[in-house]
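Geometric and topological summary
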Amino acid sequence: MESLIVLFLGIALLLFLIIKVKMNTFIALIFTSVVVGLGLGMNFVEIPLSIEKGIGSSLGELAIVFGFGAILGRLVSDAGGAYRIAHTLINVFGRKYVQLAVMIASFILGIALFFEVGMVILIPIVFAIALEVGVPLLYLGIPMAAALSVTHGFLPPHPAPTAITAALGANPGHVLMYGFLIAVPAALIAGPVFTKVAQKYAPDAFKIKKELSAFGEVKSFTLADTPSFGLALLTSLFPVILMGLTTLYTVVMHDGVAPSKATGLDRIGAGSLAASHVNDAGFWMFKEYFDLSVKQTLQIWTVLETLISVVGLIMVLLLSLVV
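Residues numbered from 1 in each chain as written. Predicted model: local features only at pLDDT ≥ 70, side-chain atom pairs only at ≥ 80, totals over all residues. Heavy atoms only, no water.

1. So, the overall build of the protein chain
Secondary structure assignment for the protein chain yields 15 helices and 0 strands. Buried residues in the protein chain amount to 43% of all 323 residues. Relative to all contacts within the protein chain whose residues are 6 or more apart in sequence, the contacts with residues 24 or more apart total 77%. Surface summary for the protein chain: the accessible area is close to 16100 Å², and the carbon and sulfur share equals 70%. (Helix = DSSP H or I, 4+ residues; strand = E, 2+ residues; numbered from the N terminus. Buried < 20%, exposed > 50% of the residue type's maximum accessible area, 1.4 Å probe, protein only. Contact = heavy atoms within 4.5 Å. Areas by Shrake-Rupley, 256 points an atom, 1.4 Å probe, with all protein chains shown as cover.)

2. Regarding empty space enclosed by the protein
Counted by the stated rule, this structure contains 2 cavities of 30 Å³ or more. The computed volume of the largest cavity comes to approximately 100 Å³. Together, 14 residues line the largest cavity, and Pro136, Leu137, Leu138, Lys207 and Lys209 are the ones closest to its centre. Those elements that place two or more of their residues in the lining of the largest cavity are α7 (115–133) and α8 (137–154). Looking at the lining of the largest cavity, the element that brings in the most residues is α7, giving 3 residues. Across the lining of the largest cavity, the residue classes tally to 12 nonpolar, no polar and 2 charged. Of the voids in this model, the second largest cavity is the one considered here, and its volume is about 40 Å³. Together, Ala86, Val102, Ala105, Ser106, Leu122, Ile125, Val126 and Ile129 line the second largest cavity. Elements with a minimum of two residues in the lining of the second largest cavity: α6 (98–112) and α7. (1 Å grid on protein atoms, 1.4 Å probe; cavity = no way out; pocket = protein on both sides within 12 Å on 5 of 7 lines; lining within 4 Å. Points joined across faces, edges and corners; volume = space filled by probe spheres on them. Nonpolar A, V, L, I, M, F, W, Y, C, P; charged D, E, K, R; others polar.)

3. Looking at the nonpolar core
Ranked by internal contacts, the top residues of the largest apolar core, which has 65 residues, are Met119, Leu138, Met144, Phe286, Phe290 and Ile300. Of all the secondary-structure elements, those providing two or more residues to this core are α5 (81–93), α6, α7, α8, α10 (172–201), α14 (281–289) and α15 (294–320). Looking at this core element by element, the count peaks at 11 residues for α8. Setting aside its immediate chain neighbours within four residues, Met144 contacts Val102, Ser106, Met119, Leu122, Ile123, Val126 and Phe290. (Core = buried A, V, L, I, M, F, W, Y, C linked by side-chain atoms within 4.5 Å.)

4. Description of α6
Helix length check: α6 (15 residues) gives 22 Å between terminal C-alpha atoms against 21 Å at 1.5 Å per residue, within 8%. Here α6 lies mainly inside the structure; 13 of its 15 residues are buried. (Expected span 1.5 Å × (residues − 1).)

5. Some points on the packing of aromatic side chains
A full pass over the atoms with the stated rule returns 4 aromatic pairs. Aromatic side chains Phe194 and Tyr201 sit 6.5 Å apart centroid to centroid with 50° between the ring planes, which places their arrangement in the tilted category. Look at Phe194 and you get buried, because its relative accessible area is 4%. Clustering of aromatic rings is evident, with ring pairs tying together Phe286, Phe290 and Trp301. (Phe/Tyr/Trp six-rings, centres within 6.5 Å; stacked < 30°, edge-to-face > 60°.)

If you want it as structure tokens, here you go:
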């Protein structure tokens, strides 16, 4: 019981440092970790070692994933692949279904890009599309963020799903397969469907803006200078193709791995997304890039992430009935 009290006090301290004191998030996390460690009765000398071990053990197994993921992300973004995918899908779906086009483009790119990288790459493109179509940035931004978030939370090769896959000894292909079944409905509900609801209870966040201060320098492309849609799509989906081949080999040669571990991972992934707030870098990125207040970000981002979590958990429960 005392440990839980210390934990909740630690969370309260973290929120206070970030919201009121405006302390850097990473420094606030480290400081809070030290305070919580002391509150739990740890020897002060052991606390830095515990923090180092915790961070090191998590990053050690993911170094290769981070490295190749960063390289792939740069290939897709700097060559104009993201621009080509987004505009091709928008031309196919038309203005009426522009939300769906943005969500699908973000989902495809979200498989290859880290969440933060995807936000940086896609927001300028989505902003330009919003101005052209004449809709608020959030009208397209919510489906974009939902798609990026579900890929980040449910699908390898993203860091968290990859790390938990290794920890549970699950088959990456099974995790990917069940992750898709969970991620798609979660993105649809937390994206286009939630946008309609959010417009009613937070209308001030949906004002049409002609410029955003957070952009900075944006690399521009002409469509003729970007790679073909097929090549851009193949590059973005390359990790998925490799994991699919690995799964096929495992099933044929080794009779596969129990799928229950994969659904267990998705259960963890869904729970990790709930109630995202000021301790999450995604919260602050969403706030700054969409030019929102903290209150508006809590109304939009936190609810969006919680919706993904709830829908994800429901889908896991449904899948557990048949696998």
